[in-house]
Amino acid sequence: MKLFDTHAHLDNPRYDDDRDALMQRSRDAGVVCTLAMGTTAASSRKCIEIADRYPDVYAAVGIQPTYVGKPDAGDWDEIVELAKHPRVKAIGETGLDCYWDDNAPLPLQQTLFQQHIELSRQTGLPFIVHMRNSEAEVLQVLQDAGKQGPVNGIMHSFTGDWELAQKCLDLGMDISFAGMVTFKKSQDLREVAAKIPADRILIETDSPYLTPHPFRSKRPNEPWYVQHTAECLAEARGVSVQQFADQTTQNACRRFAIALDA
Ligand SMILES: [Zn+2]
């Protein structure tokens, strides 16, 4: 079984003492590749360092929407520079978050979101979208981007309804699901996930956040937990977990232009 965790905050300091062991646990569970997700310029730099160190990790560089107003977000120019690194396979995470907007004014988030999309267009690297309490606002930006052609993006940790999923798929985006889809109360979300075309669905952990059922609140999330999301969604879609794992890994490799060793 080959699993691909398309969204993990591997640079998180709580992994600093344990990262080698964590990577080994991932490999033992069948995780063949993990995309380490930047949240600030410094975090993006650290994600590249991690990707340089582990052959099964690649990096995404960007400024996460809840950080845009903070002094430690770092310079956008640095993100543009970092995006040239050969281990960088995506731009992000970006998007809009209206839950924490006390710290991050929406107009500033929107400007940064557009800059990430522009950088994605210039580099050919797909961008990763974070959406929280901001469906209409995110859709507006994506549909504007769609006027210039297919949108090379991924909806990360998707929690929207089928209508929104369809709109994103129509724009050319892929839809990624995290551990939240395994929660008991997430039946609606599982039904949405079951309808995504097989070649357009991805899985992720959003480690160290969103630990899947049944490990919730026991320990921080890690990339190998992606197998529980895979098991849950394979069941919802009526396919074997093996088949679903291989399919989602293939999808991720195609979207991020990553060639895995056989
Ligand atoms: Zn994230």
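Keep in mind the model is a prediction, meaning the values are calculated, not measured.

About the criteria used
- Counting starts from 1 at the beginning of each chain's written sequence and moves along it residue by residue.
- Reporting of local features is limited, given that this is a predicted model, to residues whose pLDDT is at least 70; pairs of side-chain atoms are given and counted only at 80 or more, and all residues count toward the totals for whole chains, interfaces and linings.
- Derived side-chain values reflect all non-hydrogen atoms in the structure, with water molecules and hydrogen atoms excluded from consideration.
- The pairing criterion for strands is at least two bridges between them, as found by DSSP.
- Elements are defined by DSSP. Helices are runs of H or I of four residues or more, strands are runs of E of two residues or more, and each kind is numbered from the N terminus.
- For helices, the fitted axis covers only the stretch in contact; all axes are lines through C-alpha atoms, and the angles between them, taken along N-to-C directions, range from 0 to 180 degrees.
- Coordination partners: N, O, S within 2.8 Å of the metal, 3.2 Å for Na, K and Ca; water not considered, so apparent gaps in a site are possible.
- In this scheme the shape depends on donor count and angles: four donors with every angle between 85 and 135 degrees give tetrahedral, four or six donors with opposite pairs above 155 degrees and others between 65 and 115 give square planar or octahedral in turn, and any other case is irregular.
- Only protein chains enter the calculation, and the probe is 1.4 Å; a residue is then buried if its accessible area is under 20% of its type maximum, exposed if over 50%, and partly exposed in between.
- UniProt positions are given in the numbering used here, feature names are shortened, and annotations may be inferred rather than shown by experiment.
- Under this definition, polar contacts are N or O atom pairs within 3.5 Å; protein pairs additionally need one hydrogen-donor-capable and one acceptor-capable atom, and for neighbouring residues in sequence, both atoms have to be side-chain atoms.
- A contact between two residues is defined here by any heavy atoms of the two lying within 4.5 Å.

So, about the sheet that holds strand S7 (residues 174-177). One open sheet holds the eight strands; their spatial order is S1-S2-S3-S4-S5-S6-S7-S8, and the pairing between them is parallel. In this open sheet, the two edge strands, each paired with only one partner strand, are strand S1 (3-8) and strand S8 (201-203). When the angles between neighbouring strand axes are averaged without regard to direction, this sheet yields 30 degrees. Direction of pairing for strand S5 (residues 127-132) relative to strand S6 (residues 153-155): parallel, over a ladder of three bridges. Counterpart to Phe-127 in the pairing with S6 is Gly-153.

What follows covers the coordination of the zinc ion. Of the protein atoms, only His-7 (NE2), His-9 (NE2), Glu-93 (OE) and Asp-206 (OD) coordinate the zinc ion, at distances of 2.1 to 2.6 Å. With four donor atoms in place around the zinc ion and angles of 85 to 176 degrees between them, the coordination shape is irregular. When the donors of the zinc ion are listed by position in the chain, the intervening gaps give H-x1-H-x83-E-x112-D. Residue His-7 is located in strand S1, and its partner Asp-206 is located in the loop between S8 and helix H8 (226-237); the two are separated by 199 residues in the primary sequence. With a relative accessible area of 10%, Asp-206 lands in the buried category.

Following Gly-92, the chain continues into Glu-93 via a peptide bond in cis, with omega recorded as 15 degrees. Here the residue pair Ser-207 and Pro-208 is connected by a cis peptide bond, since its omega of 5 degrees sits within 30 degrees of zero. Locating Pro-208 in the fold gives a position in the loop between S8 and H8. A positive phi angle, close to 50 degrees, is found at Asn-133, a residue other than glycine.

Mapped onto the present numbering, the UniProt feature "binding site: a divalent metal cation 2" (unreviewed entry) falls on His-130 and His-156. A maximum C-alpha distance of 5.8 Å among these annotated residues, which run over 27 residues, shows that they cluster at one spot. In this structure, His-130 sits in strand S5. In this structure the side chain of His-130 is engaged in a polar contact, spanning 3.3 Å, whose partner is the side chain of Glu-93. Residue placement: His-156 occurs in the loop between S6 and helix H6 (162-171). Since its relative accessible area comes to 6%, His-156 is described here as buried. Non-local contacts of His-156, meaning those with residues more than four positions away in its chain, are made with His-7, Glu-93, Ile-128, Val-129, His-130, Ser-176, Glu-204 and Asp-206.

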